[in-house]
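# Fold and contact review
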Amino acid sequence: MAISERTVQNKRNSAGELTGKPDTVYDVNIKYKSNGEPKTHVKKGFPTKREAQQYEAAMKTKLANPTYVPPTAAQRKQTVREYMLEWLERHGASNLRPSTKASCYSHMKNHIFPCIGDVYLGQLTPAMLDDMYATLAGKGLSASSVRYAHRIMGVALEHARKYHYIESNPARDTITKFGKQGKTPDPYTIEEMQKLFSYASGTHWEMILILGGLYGLRLSEALGLRWRNVDLDKKTFSVIEQLPFQLPASVTEIQEMAPVKAGERTLPLTDTILPYFRCHKMQQEKQKQLLAASGERYYDNDLVLAKPNGLPERRDRVSASFGQFLRHQEMRHIRFHDLRHSAATNMHQQSGDFYTVGQILGHSSLKGVGIQLGISNNLESVTEQYIDVRMDRKLLLLENYHKAVLGG
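Let us look at the structure shown here.

Conventions used here
Residues numbered from 1 in each chain as written. Predicted model: local features only at pLDDT ≥ 70, side-chain atom pairs only at ≥ 80, totals over all residues. Heavy atoms only, no water. Helix = DSSP H or I, 4+ residues; strand = E, 2+ residues; numbered from the N terminus. Buried < 20%, exposed > 50% of the residue type's maximum accessible area, 1.4 Å probe, protein only. Contact = heavy atoms within 4.5 Å. Pairing = 2+ DSSP bridges. Axes fitted to C-alpha atoms, helices over the stretch in contact; angles between N-to-C directions. Salt bridge = Lys/Arg side-chain N within 4 Å of Asp/Glu carboxyl O. Phe/Tyr/Trp six-rings, centres within 6.5 Å; stacked < 30°, edge-to-face > 60°. Lys NZ or Arg CZ within 6 Å of the ring centre and 35° of its normal.

### A closer look at the side chain of glutamate 158
- Mapped onto the fold, glutamate 158 is located in helix H6 (residues 143-162).
- Under the relative-accessibility criterion, glutamate 158 is labelled buried at 12%.
- The residues touching glutamate 158, leaving out its near neighbours within four places in the chain, are Asn169 and Arg172.

Structure, rendered in structure tokens:
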């Protein structure tokens, strides 16, 4: 008989939760042939006979398909934690940037696994996921973070369905209504940028804020800028590499940089900014001399932005310290990345030059800068082939913005 019943001492309900009461459950046992060999597919513990019959009918149809391969016993016994760690390693290696993979793992470890990590993958239900989302929201997690957990589960479980580890994707049938995502902070206005630089003047923040707030470099691009890519005579610098993601604290000498996220680009050093670069380089040379005189080692990584002894700055430390810097100056909170948004918005408002702003920021398409500025565009991609943003156009746009913020 394909469906059999038995009594258990602690029955699970339809949501997969233990009831603490003895009752009857139903097991499905289907005999079929694969490549001419007799095989048996078994799944146990259905709370009602109707659910067992529905599963039996669906499985008979699938097993009749010669391309269908049912999950092995080991796969059926995987917990959510075991499957998702395996999935992240397999999927993330070729489909995710290192930073995205690390973010995904952190979210799984801190939020998903404590709630459902020990649940068997095949017993996970939409109700369990809804309960998890409610628990996360109750702990004070933001709406965007709860939605991110749902997004991770949806992708991971859809792959599990395609691998035939589970029959359906429970993330598709959740009923949670996710709140609106937290609003990205408004970019700093030119007046706020002026105030920011007045506080940063003469401090170690000055140069990094120039690269992030006046040129719109990403944090990793700014920290990875090397003097070999700066030409003070020609008044240009090239953004062609960035600091590797999650650089270990023990690293003293960087052997290889990471490629930039988008296209490489060369930017002009304006007359307003050039003195800052020259002064900064002189200060670094003086640091080297002082360390040498004291018998201390200087780690020459050729970095424009480095610690006093030449060691690379840590991306996470700079990001956290930036928030503290703003709090101490009683300035409105923004992320370091929002300096990039500020540069884009202010340059666009000054010039109206949509495309040049995109080229300065390193966007590979018009769509990218449109998203950055929060505006839509209907330009055809073919138009880009006939637009040539020359260095003098970038220089004009940047010089106007730099003078507006720093004067001169």
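### Observations concerning the sheet that holds strand S1 (residues 3-8)
- Reading across from one edge, S1-S2-S3 is the order of the three strands in this open sheet, with antiparallel pairing throughout. The sheet is open, and its two edges are formed by S1 and strand S3 (37-46), each paired on a single side. Averaged over all neighbouring strand pairs, the angle between strand axes comes to 25 degrees, with direction disregarded.
- In this structure, strand S2 (residues 23-34) lies alongside S3, joined through eight bridges in antiparallel fashion. Note that in S3 the partner of valine 28 across the bridge is lysine 43.

### Things to note about the pattern of salt bridges
- On inspection of all chains with the given rule, the structure shows 18 salt bridges.
- We note a salt bridge from arginine 226 to glutamate 241, for which the minimum N-O separation is 2.7 Å. Residue arginine 226 is located in the loop between helix H9 (219-223) and strand S4 (230-231), and its partner glutamate 241 is located in strand S6 (residues 241-242); the two are separated by 15 residues in the primary sequence.
- Accessibility expressed as a relative area gives 13% for glutamate 241, which makes it buried.
- For lysine 288, the salt bridge is made with aspartate 300, and the minimal N-O distance between the two is 3.4 Å. Within this pair, whereas lysine 288 is found in helix H10 (residues 274-294), its partner aspartate 300 is found in the loop between H10 and helix H11 (315-328), the two being separated by 12 residues in sequence.
- Judged by its relative accessible area of 53%, aspartate 300 is exposed.

### Quick notes on the packing of aromatic side chains
- A complete count under the given rule lists nine aromatic pairs for this structure.
- Ring geometry for tyrosine 163 and tyrosine 165: centres 5.5 Å apart, planes at 55 degrees, overall tilted.
- The partly exposed category is assigned to tyrosine 163, whose relative accessible area is 34%.
- The exposure class assigned to tyrosine 165 is buried, which follows from its relative accessible area of 14%.
- Chaining the aromatic ring pairs together yields one cluster made of Trp205, Phe322, Phe325 and Phe336.
- In this structure, lysine 281 packs its charged tip against the face of tryptophan 227, placed 4.4 Å from the ring centre.

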